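# Observations on the three-dimensional arrangement
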Amino acid sequence: QKEVEQDPGPLSVPEGAIVSLNCTYSNSAFQYFMWYRQYSRKGPELLMYTYSSGNKEDGRFTAQVDKSSKYISLFIRDSQPSDSATYLCAMIHMEYGNKLVFGAGTILRVKS
Amino acid sequence: DVKVTQSSRYLVKRTGEKVFLECVQDMDHENMFWYRQDPGLGLRLIYFSYDVKMKEKGDIPEGYSVSREKKERFSLILESASTNQTSMYLCASSLIWAGMDEQYFGPGTRLTVT
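What comes next is a walk through the structure. (Residues numbered from 1 in each chain as written. Chains lettered and ligands numbered in written order. Predicted model: local features only at pLDDT ≥ 70, side-chain atom pairs only at ≥ 80, totals over all residues. Heavy atoms only, no water.)

### Notes on the pattern of salt bridges
All names here are of chain B. A complete count under the given rule lists nine salt bridges over all chains for this structure. Put simply, D38 and R36 hold a salt bridge, and the shortest N to O gap is 2.8 Å. The exposure class of R36 is buried, given its relative accessible area of 8%. For K53, the salt bridge is made with E69, and the minimal N-O distance between the two is 2.5 Å. In this pair, K53 sits in the loop between β5 (42-49) and β6 (56-57) while E69 sits in strand β7 (residues 64-70), placing the two residues 16 residues apart along the sequence. For K53, a relative accessible area of 58% translates into the label exposed. Residue E69 is classed as exposed on the basis of its relative accessible area of 51%. (Salt bridge = Lys/Arg side-chain N within 4 Å of Asp/Glu carboxyl O. Buried < 20%, exposed > 50% of the residue type's maximum accessible area, 1.4 Å probe, protein only. Helix = DSSP H or I, 4+ residues; strand = E, 2+ residues; numbered from the N terminus.)

### Section: the sheet that holds strand β6 (residues 54-58) of chain A
All names here are of chain A. With antiparallel pairing, the five strands of this open sheet are ordered in space as β1-β3-β8-β7-β6. Edge positions in the sheet fall to β1 (4-5) and β6, since each of these pairs with one other strand and no more. The pairing of β6 with strand β7 (residues 61-66) spans five bridges and is classified as antiparallel. Its bridge partner lying in β7, N55 is registered against Q64. (Pairing = 2+ DSSP bridges.)

### Looking at the sheet that holds strand β1 (residues 4-6) of chain B
Neighbouring strands of a sheet are bound in pairs by backbone hydrogen bonds; such pairs are parallel or else antiparallel. Residue and element names in this part refer to chain B. Pairing in this open sheet of four strands is antiparallel, and the strands run β1-β3-β8-β7 from one edge to the other. Each of the sheet's edge strands pairs with one partner strand only, and the pair in question is β1 and β7. Averaged over all pairs of adjacent strands, the angle between strand axes in this sheet comes to 20 degrees, irrespective of strand direction. In this structure, strand β3 (residues 19-25) lies alongside strand β8 (residues 73-78), joined through six bridges in antiparallel fashion. Note on β8: the bridge partner recorded for V19 is L78. (Axes fitted to C-alpha atoms, helices over the stretch in contact; angles between N-to-C directions.)

### Observations concerning the interface of chain A and chain B
Contact with chain A, which involves 22 residues of that partner, is made by 25 residues of chain B. A buried area of about 1,800 Å², summed over both sides, lies between chain A and chain B, and 59% of it is on carbon and sulfur atoms. Taken together, chain A and chain B are joined by zero salt bridges. The tally of links from chain A across to chain B stands at four residue pairs in polar contact (both at pLDDT 80 or more). Of all the elements in the fold, those that place two or more residues in the side of chain A that touches chain B are β4 (30-38), β5 (45-51), β9 (85-93) and β10 (100-102) of chain A. Top element by residues in the side of chain A that touches chain B is β4 of chain A. It accounts for four residues. (Contact = heavy atoms within 4.5 Å. Buried area = accessible area lost by both parts, 1.4 Å probe. Polar contact = N/O pair within 3.5 Å; in protein donor to acceptor, adjacent residues only side chain to side chain.)

Pasting the structure below:
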């Protein structure tokens, strides 16, 4: 079983929709939770990160962590065609230093 | 702005060839990483380095080696390329080792082994 599970999609939504992207994980020792965004033919870039449980909002993006359920989410409000990308969740286990464990990535397509 | 550059965007090699992938970062970062990215599998860590001449195996080191002779440069070596090493290779760097620190990625090298 993978440590981090993420549905690879693709997920196709109309412009303006609310998008929900999710990951589950098995290791309760993960403490930092990140979302990276990767545009086609580019490397991933950090979008948001949260520490432990709770919500964090940044403009149209909200990251949510539920440690009791081992479940993290990224919500995108008022989605735009420019949001079309692959979204990768990633986690850090403090004993592993800065080593990231990634999900498979979800391909998102926002249609205009 | 942190910049991570990779020597080639696309590379085609034959089975059995020795392949060198180069990565350079310009922000004096301590840590450097090599990943491969495959559809449905996400990014998997091959090797990382937290200091010059130091290297640690990641999750899938078999068939690969690395070299870090200078702080800014981290090389991935495929000793004898095989078709199952056809993949996107991504290099990344980060400033500190402890806990949360953003990893900055290069644009990737798409390697095809025929």
